[in-house]
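# Summary of the model geometry
Chain by chain, the residues:
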Amino acid sequence: MHKKKVLVHGTADSLQKFFADAISRDFEIVAVLSEDNVSINLEVLKPQDLPRFNYKLLDGIIFTGDRAVADYFLKQGLEPRKIILWDAAKGLDVFGGRDKDGVQVAFIGGLEFHIRNEDDAKFFNQTLWQFQTQRYVKNLSPQAYPAIVAQTFQRIMGKPLDFNNPRTFTEKLNWLKVYDATPIKSRLADKYLVRRWVADKIGQEYLIPLLGVWDDFDDINFDELPNQFVLKCNHGCGMNIIVRDKKTFDKQQAREKLNAWLALDFSTLFIESHYTRIKRKIIAEKFMANGNLPDLIDYKFICFHGKIVYCQYLTDRSTGLKLNYFDENWNVTTVERNDHPRSDHPEKIRRPKNFKLMKKLATKLAEGFAFVRVDFYEIDGRIYFGEMTFTPGAGNFYYKSAGTDEYLGNFLRSEEHTSELQSR
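In this report, the structure presented in the accompanying data block is examined. Because the structure is predicted, anything quoted here is derived from the model rather than measured.

Moving on, we get to helix α8 (residues 251-262). The terminal C-alpha atoms of α8 lie 16 Å apart, and with twelve residues this matches the ideal 16 Å at 1.5 Å per residue to within 8%. Buried within α8 are the following residues: A254, E256, L258, N259, A260, W261 and L262.

Listed below in structure tokens is the structure:
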């Protein structure tokens, strides 16, 4: 991702604390503004000596001291989105106001958020939490990761996590995300780079058509896109915007969301370390629909050491996600997760037309991995690849069906990670 070119303003003390903070890695510091005599290996300028036109050449100015100093620069013509507040205790800080229409606007890290309703407020608060988590994790030594993962597991699952003797599926997933974050997993978790892998392994015809790829939202030429399409980031999950009608598409909201996602190292949220190597991008794919159904149906194959154990059937995403588990012969099972209920009558769900071929393709893509989930869609009688996921739910979920976590844990021989594929 493009780093912001910024100046940093502050006192000698605040600047020392800022440069000791890992948040400084998110910016390209081009100079320092300070009234003090600062000993630092960068050009040091006095604020009054900075020509006004230089403000427009920068992505922002980071203020490490009193917020009131930022008012001076606002009066000099600095755009609000270029003001980046940093606090020794909180890291990136928030400031805001209202736009000409009276809509609440918040700024954080040079990003702009218009908060018009509860959904906007929820997204902003979630983003703020994510940035705070990102800062906390970046300031940790990797040696601390196991302890942090264990604490999170204890809080969510209500039981301890013993990395020396993981037994259940979720325990072993947490072991894998800490100790088996291999480069090949980073490549295949990348929603852009995985396309080449899939094309080479099973064929280009199983890929949803790609409409474009960009490093920055402002590089997108929407005139070149069709009326319907899907925008997504390539470096995490839940970073999708479905555009059903370009004429009514809220471009400003999309820009705010995608820029916030691009600023996030997704790996830091739950220590899923293989995500951190992914070069963040925006991609656009063809809008896919299956008849008049409001949502696509996902077929997610749970694979251990190249063998399919379950197929997850996901539906009703927009109205209340339902998740059902079938075995490799499409027999309904009693497996149920705590976070996603089953359908009322899963026994009435029909097996997909291409189920046999899906299994063959999933097995081929899963070859060489201790665990991976391989996702497909079946649209108008054709199979399309979805994604490959190595740590679903970050390993922090539990099953309502007794014994399932232990049962699946028996399939995952976590000591077997030495295949040729994973050593690349």
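The element strand β5 (residues 83-87) is largely enclosed, with a buried count of four among its five residues. Alignment of strand β4 (residues 60-63) against β5, held across three bridges, turns out to be parallel. By the bridge assignment for β5, I62 is matched with I84. Each parallel crossover has a hand, and for β4 linked through helix α2 (residues 68-75) to β5 it is right-handed. Hairpin connection of β5 to strand β6 (residues 91-98): three residues between the antiparallel strands.

With that settled, consider the environment of Y192. One can find Y192 in the loop between α6 (183-189) and α7 (194-201). Dropping the residues within four chain positions of it, Y192 is found in contact with L210, V213, N234, K281 and I283.

Read from one edge to the other, the open sheet built from four strands follows the order β9-β12-β10-β11, with strand pairing classed as antiparallel. For this open sheet the edge positions go to β9 (210-214) and β11 (240-243), each flanked by a neighbour on one side alone. Along the sheet, successive strands turn relative to each other by an average axial angle of 15°, direction set aside. Across five bridges, the pairing between strand β10 (residues 229-233) and strand β12 (residues 282-286) is antiparallel. Looking at β12, one finds that K232 is bridged to I283. Packing against the sheet, α8 makes contact with β10, β11 and β12, and its axis sits at approximately 155° to β11.

This next bit is on the packing of helix α3 (residues 118-138) against α8. One way to put it is that α3 packs onto α8 with a least axis distance of 11 Å and a crossing angle of 15°. Comparing the axis directions of α3 and α8 gives the class roughly parallel. Here α3 runs over α8; the crossing is left-handed. On α8, the residues touching D120, F123, T127 and F131 of α3 are Q253, E256, K257, A260 and W261. Taken together, the residues that form the contact of α3 with α8 break down as four nonpolar, two polar and three charged.

Turning our attention to the sheet that holds β6. Taken in spatial order, the eight strands line up as β3-β2-β1-β4-β5-β6-β7-β8 in an open sheet, and their pairing is mixed. Of all the strands in the sheet, just β3 (44-45) and β8 (111-115) have a single pairing partner and so form its edges. Along the sheet, α2 makes contact with β1 (4-9), β2 (27-33), β4 and β5, crossing β4 at roughly 160°. On top of the sheet, α3 reaches β5, β6, β7 (104-108) and β8; it is set at about 150° to β8, its chief contact.

To continue, consider the packing of helix α4 (residues 145-157) against helix α5 (residues 169-179). Following both chains from N to C, one finds α4 and α5 inclined at 155°, their axes separated by 10 Å at the closest point. If you check the angle between α4 and α5, you find them roughly antiparallel. Our pair here, α4 against α5, has a crossing hand that is right-handed. Seen from α4, the contacting residues are P146, V149, F153 and M157; seen from α5, they are T170, E171, N174, K177, V178 and Y179.

Cut-offs used in this document
Residues numbered from 1 in each chain as written. Predicted model: local features only at pLDDT ≥ 70, side-chain atom pairs only at ≥ 80, totals over all residues. Heavy atoms only, no water. Helix = DSSP H or I, 4+ residues; strand = E, 2+ residues; numbered from the N terminus. Expected span 1.5 Å × (residues − 1). Buried < 20%, exposed > 50% of the residue type's maximum accessible area, 1.4 Å probe, protein only. Pairing = 2+ DSSP bridges. Right-handed = clockwise from strand over helix to strand, strands pointing away. Contact = heavy atoms within 4.5 Å. Axes fitted to C-alpha atoms, helices over the stretch in contact; angles between N-to-C directions. Parallel < 35°, antiparallel > 145°, perpendicular 65-115°, else oblique. Left-handed = near helix turned anticlockwise from the far one by under 90°. Nonpolar A, V, L, I, M, F, W, Y, C, P; charged D, E, K, R; others polar.

Remember that the coordinates give geometry; whether it matters functionally is a separate question.
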